[in-house]
Amino acid sequence: MKQLSVNIKNPEKSSYQILIGSSLLKNISKYVDFSKYSKIAIITDTNVLPHLDNLKTGIKRDSLVVALEPGEKNKNIKTVEKIWKSLTDSGFDRKSLIINLGGGVVTDMGGFAAGCFMRGIDFINIPTTLLSQVDASIGGKTGINFENIKNLIGTFSQPFMTLIDTETLHTLPKREFISGFAEIIKHGLIKDKDFFNYLGSKQPYSFSPEEIVNIIEKSCLIKKEIFEKDPVENGPRKILNFGHTIGHAIESLSHDTQNPLLHGEAIAIGIMAEGKMSEIFGLINDKEMALIKRTLENAYLPIKTDLDVSLILKKIKNDKKNNFGQIKWTLLKEIGNASYDFDAKEEIVKKALSSVL
Ligand code: GLY
């Protein structure tokens, strides 16, 4: 047998900047050299059209706007085909740039479209919801839902830059803002107890705009430090999935009911259930569990569901993070410290789920 080792080093694609501040859209040309791109497309949805003008003014060049129908139900291959068709019809090539302006659905789908188009072209994420600012727009996970399973198809494709303009939060509906807080609280829970305690010290709308910028920065910093050590989730990155195995199942199922949940709302219930599993395992105690509950309630996040346990269990078994049919769990060892790859008997999951009914 002969063996050749292939070692590819591509620093250009392995580092990027996350910019956080106000008025960044209007001034984007200060941070990005658009002249090096042959063409520019802005992928957005009809909810964020008010920010589009600022961005177009800032780019100071012609751009193709691809405006998608908003919502999780449109996060599918048909919508991505629409993006690819628009790019192809307009003669986009490998030197083109995609700018994703929107929430997590837009940045996940636009990143996926860019990551596959001509085997990958540069893209910039401009997240306009709190949730996508602290989660989806950084870390390189892109994708679409398939067969009613969230994010089943996707790639790891890192953006060329993520630009967080906090002015976009001014037009964000209150419920969406609160939903973003669930992922921020999760970051505190898995990595930083002081940050978690700080988040519980006030209600989300009582933090000043400066404090919100600091909260976003801290949250991005926690996520960044986790994913840069394990970009394609072979190990330690899995702690970011705390609350998500049960949360994703609840989110997907809720979309078939009269009361569809936002991502962060479902994750808050997932945090409660997976926190309870941590307690059943003897990793955290009842006082820590009570503090988690108080902190989520203080942020006006839901902590209970009326979905059927057997449906949730069935859905969990379809989760893409199963390894050889075995569900691996991320649990809390204490507040501010999570660990991954726990096995759990179905009885334990059922018991934990009964605590969120
Ligand atoms: N949202 C979890 C991750 O990016 O890994």
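Preceding block: the structure.
All of the points below concern the structure found in this document. What you see is a predicted model, and the numbers here were worked out from it, not measured in a lab. Throughout this description, residue numbers start from 1 for each chain and increase along the sequence as written. For this predicted model, a pLDDT threshold of at least 70 governs which residues receive local features, and a threshold of 80 or more governs which side-chain atom pairs are given and counted, while totals over whole chains, interfaces and linings are taken from all residues. The side-chain quantities take in all heavy atoms of the structure and omit both hydrogens and water.

## With respect to a positive patch on the surface
On the surface, a cluster of positive charge is made up of Lys36, Arg94, Lys95 and Arg119. Mapped onto the elements, Lys36 comes out in the loop between strand 1 (17-21) and strand 2 (40-45). Here's how the labels work: a residue is buried when its accessible area is under 20% of the maximum for its type, exposed when over 50%, partly exposed in between, all with a 1.4 Å probe on protein chains only. Using a relative accessible area of 44% as the deciding quantity, one classes Lys36 as partly exposed. Residues with no salt bridge and a relative accessible area higher than 30% make up the patches, which join like charges within 9 Å and nonpolar side chains (Val, Leu, Ile, Met, Phe, Trp, Tyr) within 5 Å. All accessible-area figures derive from a Shrake-Rupley calculation using a 1.4 Å probe, and residue coverage is judged against the displayed protein chains alone. Salt bridges are counted wherever a side-chain nitrogen of Lys or Arg sits within 4 Å of a carboxyl oxygen of Asp or Glu. Charge counting follows a simple rule: Lys and Arg are positive, Asp and Glu are negative, and His as well as the terminal groups are ignored. Charge placement uses NZ in Lys and CZ in Arg. For Asp and Glu, CG and CD serve respectively. Only runs of H or I of at least four residues qualify as helices and only runs of E of at least two qualify as strands under DSSP, and these elements are numbered from the N terminus.

## Observations concerning a nonpolar patch on the surface
A contiguous nonpolar patch, built from Phe146, Leu152 and Ile153 and spanning about 230 Å² of accessible area, is present on the exposed surface. Looking at where Ile153 falls in the secondary structure, it is placed in strand 7 (residues 149-156).

## Structural notes on helix 9 (residues 244-254)
Of all 11 residues in helix 9, 11 are buried, a share of seventy percent or more. Listed in full, the buried residues belonging to helix 9 are His244, Thr245, Ile246, Gly247, His248, Ala249, Ile250, Glu251, Ser252, Leu253 and Ser254. Whether two residues touch is decided by their heavy atoms; if any such pair falls within 4.5 Å, the residues are in contact. Looking at the buried side of helix 9, the elements it contacts are strand 7, helix 6 (174-191), helix 10 (263-280), helix 12 (309-317), strand 9 (329-334) and helix 13 (346-354).

## Topic: the nonpolar core
In terms of nonpolar packing, the biggest core is built from 66 residues, with Ile292 and Trp329 touching the most fellow members. Ignoring any residue separated from it by four or fewer positions in sequence, one finds Trp329 in contact with Thr245, Ile246, Glu274, Met277, Ile316, Ser339, Tyr340, Asp341, Phe342, Asp343, Ala344 and Val349. Buried residues of nine kinds, namely Ala, Val, Leu, Ile, Met, Phe, Trp, Tyr and Cys, make up a nonpolar core once their side-chain atoms join them within 4.5 Å.

## Focus on the sheet that holds strand 5 (residues 122-127)
If you walk across this open sheet you meet the six strands as 1-8-5-4-2-3, and the pairing is parallel. Here the strands that pair on one side only, and so sit at the sheet edges, are strand 1 and strand 3 (64-68). Direction aside, the axes of adjacent strands within the sheet are offset by 15° on average. As paired elements, strand 4 (residues 97-102) and strand 5 share six bridges and run parallel to each other. Directly across from Gly102, in strand 5, lies its bridge partner Pro127. Here, a strand pair is defined by DSSP locating no fewer than two bridges between the strands. Axis lines are fitted to C-alpha atoms, over the contacting stretch for helices. Their N-to-C directions set the angle, which ranges from 0 to 180 degrees.

## Here we look at helix 12
If you check which residues of helix 12 are buried, you get Val309, Ile312, Leu313, Lys315 and Ile316. Down the axis of helix 12, the buried set is contained in an arc of 165°. They therefore lie on one face. Each element contacted by the buried residues of helix 12 is listed here: helix 9, strand 9 and helix 13. Working note: the arc is built from the helix axis to C-beta atom directions.

## What about the side chain of Lys150?
Considering the arrangement of structural elements, one finds Lys150 in strand 7. Looking at Lys150, its side chain comes within polar contact range of the side chain of Glu251, at 3.5 Å. Polar contact is defined as a pair of N or O atoms within 3.5 Å, subject to the rule that within protein one atom must be able to donate a hydrogen and the other to accept it, and that residues adjacent in sequence are counted only when both atoms are side-chain atoms.

## Quick look at the pattern of salt bridges
Inspection of every chain in the model, using the stated rule, returns 17 salt bridges. A salt bridge links Glu72 to Lys150; the nearest nitrogen and oxygen atoms lie 3.0 Å apart. With Glu72 in the loop between strand 3 and helix 3 (77-89) and Lys150 in strand 7, the pair connects residues that are 78 residues apart, well separated along the chain. By relative accessible area, which is 9% here, Lys150 ends up buried. Measuring nitrogen to oxygen at the nearest pair gives 3.1 Å for the salt bridge that ties Glu346 to Lys317. Of the two residues, Glu346 sits in helix 13 while Lys317 sits in helix 12, which places them 29 residues apart along the sequence. Three or more residues are tied together by salt bridges with common partners; here these are Glu72, Lys150 and Glu251.

## Some details on the pairing of strand 3
Bridging between strand 2 and strand 3 involves five bridges; their strand directions are parallel. Bridging across to strand 3, Ile42 finds its partner in Val65. Between strand 2 and its parallel partner strand 3, the chain crosses via helix 2 (residues 49-59), and the hand of that crossover is right-handed. Seen with its strands pointing away from the viewer, a crossover is right-handed if its path from the first strand over the helix to the second goes clockwise.

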